[in-house]
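Chains, contacts and geometry: an overview
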Amino acid sequence: MTSFIVAVSALVILSLIFGAILGFAAIRFKVEGNPLVEQIDALLPQTQCGQCSYPGCSPYAEAIAKGEEGINKCPPGGESTIQAIADLLGVEPEPLDAEHGTEKESAMVAVIREDECIGCTKCIQACPVDAILGAAKQMHTVIESECTGCDLCLEPCPVDCIDMVPIDGGLPAWHWDKPIQIIATDAGNTDALNEGKAA
Amino acid sequence: MNTSFNLFDFVGGVHPAENKTQSTQSSISSAGIPEKLVLPLTQHIGAQSKPLVNVGDTVLKGQLIAAAQGFISANLHAPTSGKITAIEDRAIAHQSGLSDLCIEITTDKQDKWIEHSGIANYQDIDASQLISLIQEAGVTGMGGAGFPTHVKVSAKPDAIKTLIINAAECEPYITADDMLMQERANDVISGIQILAHILKPESVLIGIEDNKPKAAEALNLALKESPENTLIEVIVIPTKYPSGGEKQLIQILTGKEVPSGGLPSSLGIVCHNLGTAYAINSAITKGEPLISRITTMTGNACAAPQNYEVLIGTPVKHLLEVSNTDIKNTSRLVMGGPMMGFTIDQIETPIIKASNCIIAATKQELPDPAMEQACIRCGMCTEACPAQLLPQQLYWFSKSSNLEQAESHNIADCIECGACSYVCPSNIPLVQYYRFAKGEIKQATADKLKSDRAKVRFETRLARQEREAAEKVAKRQARAEAAAKKQAQKKAAPAQEASDSKAPPAADIELLQKKFDATKAGVTKTKEKLAILLADENADPEKIELLKGALTKAQTKMKDAAKVMAEAKKAEKASAFTSSDKGDPNTPERLKNKLDLAQSRLETANKRLEEAKAENSDKIEAFETAVTKQLERVNDAKLALETAIKTSATNNVPASVDLETLKQKVLAAQTRVDKANERLNMAKEQNLETVGALQTGLDKQTSKLVDAKAALEQASTEEAK
Amino acid sequence: MKLPNISSPHTTRPFSTSNVMLNVLMALIPGIIALTYFFGPGHLIQVLIASTVALASEAAVMKLRKRPILFYLKDYSALLTAILLAISLPPYAPYWVTIIASAFAIIVGKHLYGGLGQNPFNPAMIGFALVLVSFPVPMTTSWSAPAELLPAAFSSGISFSDAMTYIFSSRETIDSITSATPLDAYKHQVALATESEIYQNPLFKGTDHSSFIVLAWEWVSIGFLLGGLYLLWKRIFTWHIPVSLLASLALCSLIFGWDADSFVPTSLHLFAGATMLGAFFIATDPVSASTTPLGKLIYGAGIGTFIYVIRTWGAYPDAVAFAVLLMNFAAPFIDQYTQPRTYGHNKPKRGLAAKK
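Since this is a predicted model, take the numbers as computed values, not measurements. (Residues numbered from 1 in each chain as written. Chains lettered and ligands numbered in written order. Predicted model: local features only at pLDDT ≥ 70, side-chain atom pairs only at ≥ 80, totals over all residues. Heavy atoms only, no water.)

Some points on the overall build of chain C
Helices and strands together make up the secondary structure of chain C, namely 18 helices and zero strands. Relative to the compact-globule value of 21 Å for 356 residues, chain C shows a C-alpha radius of gyration of 22 Å, a close match. The principal-axis extent of the C-alpha atoms belonging to chain C is close to 75 × 45 × 35 Å. Relative to its 356 residues, chain C shows a buried fraction of 58%. Put simply, of all contacts in chain C between residues at least 6 apart along the chain, 74% involve residues at least 24 apart. (Helix = DSSP H or I, 4+ residues; strand = E, 2+ residues; numbered from the N terminus. Rg over C-alpha atoms; globule rule 2.2 N^0.38 Å. Buried < 20%, exposed > 50% of the residue type's maximum accessible area, 1.4 Å probe, protein only. Contact = heavy atoms within 4.5 Å.)

Here it is, written out as structure tokens:
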């Protein structure tokens, strides 16, 4: 009997001690506010293109934080953004929702064919980051360094004079590719590997 | 000799086979003058130099052909006399194999020097003048990096305590500095003395590896022969790779570590390559700019491996020919040493100021890289790393693109010496992984900066729009109140109500507009995607269904947004209408304008439709709908105009048609026509493309003038009545 | 001909993974010779069975993973695992024990985690621990006595055919050759007798009391020690793990068990049982051990301490396998908190700071 009482009281005392530690930790290390929205927003690419059907990246971040929206609606962010948000929230990453667009191969910027521009300012009003310089009846031009490639300006242009062009950084932007570790997955390649040569 | 000098050591390092004896058997010979010289404009770290010559110019040897742009940049001089035949993109000595802007000189073999003279007693010249002479001579670091030397010697007074001359040449195969010391030790020492005169350090240490006994001897002999020097010491260090790395050499000679991300000058130390000292001597004492360098040509495919004095800009092809290299037997061409050099795949690549070695290797000498196997975590890379990093961890992070962790494990401190890849038993190309990760980190940082800026611009724009909307609201309110007060003087309650039920805050409408635009964009995108899928025969029917459903959803969203917006606008207009000061929009004049506008719009829509039909583009449908819409509008306008004319006719326009205003209108119209005419004539003279548009403009103005004149006549006849 | 565009460095040391494994295999030879000399051909047969099963399992898994089989077998890692396992097992364990241990070690202990370089636990020890816990009786009753203590019928040692019989078929007469190991014996007798009394047993000092420390096992340990020193000289691994393991084991024994009348003496801890094998061949397995220099010291010390604790107060006489497995759990955590200082930095970034 005594051993039973001893065992039970030992367990009770242990659980009280650990419960107290947990409670203390919950109060002492409490995180104020909901930093989640800012954290999610920091992961989004800030092109403010609206392809997710929200007027900007912050509203989309809010919607994700509230749980109203899936995390796979951002084409400019692509797979890496989906993965990053999934890691942050501790959920499963989903493939990009095709409804909202597809991930582009390389970053693009808008370029206005200035000969054809009629100075209507419709594209200036459409640009979410004010990257188009111009005024009514004056020439419009895209500030290349500020353009995020969201292509919201293509639609409103009445003379269709805007092109999306891939960015080429040239020599300063070049860097090594990741080495490809060649592992034969087809039986056909085994001969080369057996001789130790790169396939 | 360093009998009493206390040497330190750095952690790690490897001992690859030296392969230096092949190229030290003969003395330095000249590589001669090739047919053409190709001079890249960026042979240094810093801004690209700007060409000062044009195609077709004749240049003399040593003439300045490109000027430095900014402080961190370097001048470029013609290595021999000849004619400038091209300034265009050419393959350059860079591991990417990309091209960059180069000046090509076709040599005339005359080798005619430009007027130049050296300074006999540089000790009498003050340091800043010497520095500008070095800058003018275009001297850059000759050890491999190519940092503009004048920047490195521009230190604050008393800032440098130790000047270190890097004569270690730790990489296998390279013997350029070795032969330079053996044959031209006096010039080298003179150059070092010039440096010492500029920087005024407390001690000057020449660090040389113990595999170069002859060179050390030559240096000591030269030192003995110049007795005024007491500062310079030749310190022999044990041969280990990479003891020639700046940070490692400083650690060996002084025991100090350069702080991460910092410069040796923060420790009061500055390090120059031996070849740079030689170039400084040529620049100051002989007045010769940097136009040639000693390059080792070696490798088993090379029949006569030795060091050559090569003119900057000499294509590697020329050097291969001079040294009798069997290009067919060369399986790999490396510029630099085997540990840190990069491969060249085009033999027209030019030698630049920092090219210290060319290795033409056969397949047995530098075999193809073996298959990368799994990492067994043996830790040999960690033992070899001279920067005390954990290459193994960096490998895991780089491989999985975990850039954050790679950065926090100090991948930026990796000097890419290759010691880790050298020892790896699994043949993992570690350095390439780190280079990849570093490139990705740089890209990601740039992207983050850009996206932060985009966010700031977006938020500023939102703030601006809200501010403008608020201002509009405030203005509207002010006007409404003023009008309401006026009305209140005439009527009592109803006006008050009207101004109370002001427009819904304009900000709402802005928001609704944005939402509408976003939905519209979504609809167009989905439409395009659906069109593509429908055109594709192999498309997945499920996907098509999905997209169709998405399209209907998007369209409903758009319609709803449009509805809400329209209502909001209507409400705003309704409340604004009472205090509108634009006057009655239904006057015949205004309706006539509307009709004209609608008609011109119809014309443009028709034109676009024709174009689209000609091109057979997929927008035909859209344009057809546009045309139909415009047609409707034209008809509506016509109708409205006719009814208005009828009503106004019956109402007997009481407008007190002011004869004066009409006359003024005619005058204004006349001036406009004249101006348009002028512009048109000018355009015709210049044969501009805008002639057509101007003609239409002129016609419009002329018709308006005719109308104005007609109205004036009518009014005057009526008055007369 | 097309010149390639490859990243530097363009030359490597001619020393590959298979070289590493072969060196380790060679270093095992002195110890194996000692084992065979004193305990009969049992270990050799176990090596044969284990190697065959290991290579076969590796080939089978590689086939399933659609990789080239010969390429992966040639790095000798499976062979090394099998041999380490075989010499840890008792020499006359039944064949099915060896087969299960070996197959489990390769398939579950190595390949299910991703293959070479990816396993968090030492595969040989995983196999050993599995069979030790699952089949305690064969594992504890298959140790043979040293040659000179065998009954008269085995005066010229255990013959090959006898060994085959014990391992593959009838185990009825196996009691004539089995005995407890010295560690086992000392541990169980120390409660009732003093050191000098225990040492009367010829198991410890031999029939003529001529052995320095312990009969037969001292030579086996010296054999493995020599092999380990050879590997240190060849710089296959660094000194940190073996030195810290042996030092901590000796220290624990001296601090807690200095009284040889109540505890197993230090000399026995170091030279009997699998201590030397564990210190130089098992704990130094690079894939599952800690990688930072300070981390290796902590890792080795932890193993040494665990060995002592489990041997003295645990149920098992020999504890190298469990000690190694327990520290394998801790190795990643140790790594994270023992990052070395990089050149040019003042302090190392450790623990959560490293995650930044």
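As for the confidence of the model for chain C
Residues and elements named next belong to chain C. Per-residue confidence for chain C gives a mean pLDDT of 87; residues scoring 70 or more make up 98%. Mean pLDDT values over the elements of chain C span from 57, in helix α18 (residues 352–355), up to 95, in helix α5 (residues 95–107). Of the two predicted TM-score estimates for the complex, the pTM is 0.74 and the ipTM is 0.85. (pLDDT = per-residue confidence, 0-100.)

Structural notes on a nonpolar patch on the surface
On the surface, a cluster of nonpolar side chains totalling about 630 Å² of accessible area is made up of Met1(A), Phe4(A), Ile5(A), Val8(A), Val12(A) and Leu16(A). Assessed through its relative accessible area of 70%, Met1(A) is described here as exposed. (Patch = residues over 30% accessible without salt bridge, like charges linked within 9 Å, V, L, I, M, F, W, Y side chains within 5 Å. Areas by Shrake-Rupley, 256 points an atom, 1.4 Å probe, with all protein chains shown as cover. Salt bridge = Lys/Arg side-chain N within 4 Å of Asp/Glu carboxyl O.)

Regarding the domain arrangement of chain A
Residue and element names in this part refer to chain A. Parsing chain A into structural domains produces domain 1 (35–100) and domain 2 (105–168). Domain 1 puts five residues into the contact, and the matching count from domain 2 is six residues. Across the domain 1/domain 2 interface, buried area totals approximately 380 Å², and carbon plus sulfur atoms make up 58% of it. A per-residue breakdown of the area domain 1 buries against domain 2 is headed by Thr47, Gln48 and Cys49, which together make up 81% of the total. Its residues assigned to classes, the side of domain 1 that touches domain 2 comprises one nonpolar, four polar and no charged. (Domains from an automatic or database assignment. Buried area = accessible area lost by both parts, 1.4 Å probe. Nonpolar A, V, L, I, M, F, W, Y, C, P; charged D, E, K, R; others polar.)

Focus on unusual backbone geometry
Following Tyr241(B), the chain continues into Pro242(B) via a peptide bond in cis, with omega recorded as 5 degrees. Residue Asn324(B) is not a glycine yet carries a positive backbone phi of 60 degrees. For Asn324(B), the position within the fold is in the loop between α8 (316–322) and β15 (332–335). Look at Arg235(C): it is not a glycine, yet its phi comes out positive at around 60 degrees. Here Arg235(C) is to be found in the loop between α12 (217–233) and α13 (240–256).

What to know about the interface of chain B and chain A
Many authors give the size of an interface as the accessible area that is lost as the parts come together. Each partner contributes residues to the interface: chain B has 43 residues there, and chain A has 48 residues. Carbon and sulfur atoms supply 55% of the area buried between chain B and chain A, which totals about 3,800 Å² over both sides. Its largest share of buried area at the contact with chain A, chain B owes to Met371(B), Arg457(B) and Phe458(B), together 17% of the area lost on that side. The tally of links from chain B across to chain A stands at five salt bridges.

Quick word on the interface of chain C and chain B
With 42 residues of chain C at the contact, the number on the chain B side is 62 residues. Both faces considered, chain C and chain B share a buried interface measuring about 4,500 Å² in area, 52% of it formed by carbon and sulfur atoms. Three residues, Leu3(C), His10(C) and Tyr343(C), lead the burial of chain C against chain B; their summed loss comes to 20% of the area buried on that side. At the junction of chain C and chain B, the tally comes to two salt bridges. One salt bridge in this structure joins Arg341(C) and Glu257(B), with 2.8 Å as the shortest N-O distance. Our count for the chain C to chain B interface comes out at 22 residue pairs in polar contact (both at pLDDT 80 or more). At the level of elements, α1 (17–39) and α18 of chain C are the ones that each hand at least two residues to the side of chain C that touches chain B. Split by residue class, the side of chain C that touches chain B holds 16 nonpolar, 17 polar and nine charged. (Polar contact = N/O pair within 3.5 Å; in protein donor to acceptor, adjacent residues only side chain to side chain.)

What to know about the sheet that holds strand β13 (residues 292–298) of chain B
Reading across the sheet, the six strands line up as β1-β14-β13-β17-β15-β16 (chain B) and stay open at both edges, with mixed pairing between neighbours. Looking at the sheet topology across the chains shown, the edges are occupied by β1 (29–30) and β16 (342–343) of chain B. (Pairing = 2+ DSSP bridges.)

Topic: helix α7 (residues 274–285) of chain B
All names here are of chain B. Look at α7: 17 Å from first C-alpha to last across twelve residues, which is about the 16 Å you get at 1.5 Å a residue. Of all the twelve residues making up α7, eleven are buried; the element is thus mostly covered by neighbouring parts of the structure. Those residues of α7 not exposed but buried are Leu274, Gly275, Thr276, Ala277, Tyr278, Ala279, Ile280, Asn281, Ser282, Ala283 and Ile284. Among the structural elements, α1 (127–136), α2 (149–153), β9 (162–166), α3 (176–183), α4 (185–199) and β12 (269–273) are those in contact with the buried residues of α7. Measuring from the side-chain oxygen of the N-cap residue of α7 to the backbone nitrogen of Gly275 gives 2.7 Å; that N-cap residue is Asn273. Positioned one or two residues after α7, Gly287 has a phi angle of 70 degrees, which is positive. (Expected span 1.5 Å × (residues − 1).)

What about the sheet that holds β9(B)?
Residues and elements named next belong to chain B. Here four strands make up an open sheet; going across it, the order is β11-β10-β9-β12 and the pairing parallel. On the outer flanks of this sheet lie β11 (232–237) and β12, each paired with one strand and no other. The sheet shows a mean angle of 25 degrees between the axes of neighbouring strands, taken without regard to direction. Relative to strand β10 (residues 203–209), β9 is paired through five bridges, and the arrangement is parallel. Paired with Leu163 across the two strands is Val204, which belongs to β10. Against the sheet, α4 touches β9, β10, β11 and β12, its axis set at about 155 degrees to β9. (Axes fitted to C-alpha atoms, helices over the stretch in contact; angles between N-to-C directions.)

Structural notes on a positive patch on the surface
On the surface, a cluster of positive charge is made up of Lys122(A), Lys520(B), Arg601(B), Lys629(B) and Arg633(B). Along the polypeptide, Lys122(A) turns up in helix α5 (residues 122–126). Note on Lys122(A): relative accessible area 42%, which makes it partly exposed. (Lys, Arg positive; Asp, Glu negative; His and termini not counted. Charge placed at Lys NZ, Arg CZ, Asp CG, Glu CD.)

Quick notes on the packing of α3(B) against α7(B)
Packed helices, taken two at a time, are described by their axes: the angle between them and the distance between them. Residue and element names in this part refer to chain B. At their nearest, the axes of α3 and α7 sit 9 Å apart, and the two run at 45 degrees to each other. With respect to α7, the element α3 is oriented oblique. Note on element contacts: α7 touches α3 through Leu274, Gly275 and Tyr278, opposite Asp177, Leu180 and Met181. By residue class, the composition of the contact of α3 with α7 is four nonpolar, one polar and one charged. (Parallel < 35°, antiparallel > 145°, perpendicular 65-115°, else oblique.)

Topic: the confidence of the model for chain A
Mean pLDDT for chain A: 80, with 86% of residues reaching 70 or above. Across residues 184–199 of chain A, confidence stays below pLDDT 50; counting only partners more than four residues off in sequence or on other chains, it has 24 contacts.

Considerations on the pattern of salt bridges
The tally for this structure, following the rule as stated, stands at 25 salt bridges over all chains. Note that Arg113(A) is salt-bridged to Asp163(A), the shortest N-O span being 2.7 Å. With Arg113(A) in the loop between β1 (108–112) and α5 and Asp163(A) in strand β4 (residues 162–166), the pair connects residues that are 50 residues apart, well separated along the chain. By relative accessible area, which is 31% here, Asp163(A) ends up partly exposed. Among the ionic pairs, Glu146(A) bridges to Arg453(B), the shortest N-O distance being 3.1 Å. Placement of the pair is Glu146(A) in the loop between β3 (141–142) and β4 and Arg453(B) in helix α13 (residues 430–490), with the two residues belonging to separate chains. The buried category is assigned to Glu146(A), whose relative accessible area is 12%.

Here we look at the state of the cysteines
All names here are of chain B. For the coordinates displayed, the defined rule picks out zero disulfides over all chains. Its sulfur unpaired, Cys378 is 6.2 Å from the next cysteine sulfur, which belongs to Cys381. The exposure class of Cys378 is buried, given its relative accessible area of 16%. (Disulfide = S-S within 2.5 Å.)

Let's talk about the pairing of strand β8 (residues 99–107) of chain B
Residue and element names in this part refer to chain B. Pairing geometry for strand β2 (residues 36–40) and β8, over five bridges, is antiparallel. Of the residues in β8, the one forming a bridge with Leu37 is Ile105. Pairing between strand β7 (residues 82–91) and β8: nine bridges, direction antiparallel. For Ile87, the partnering residue across the bridge sits in β8 and is Ile103.

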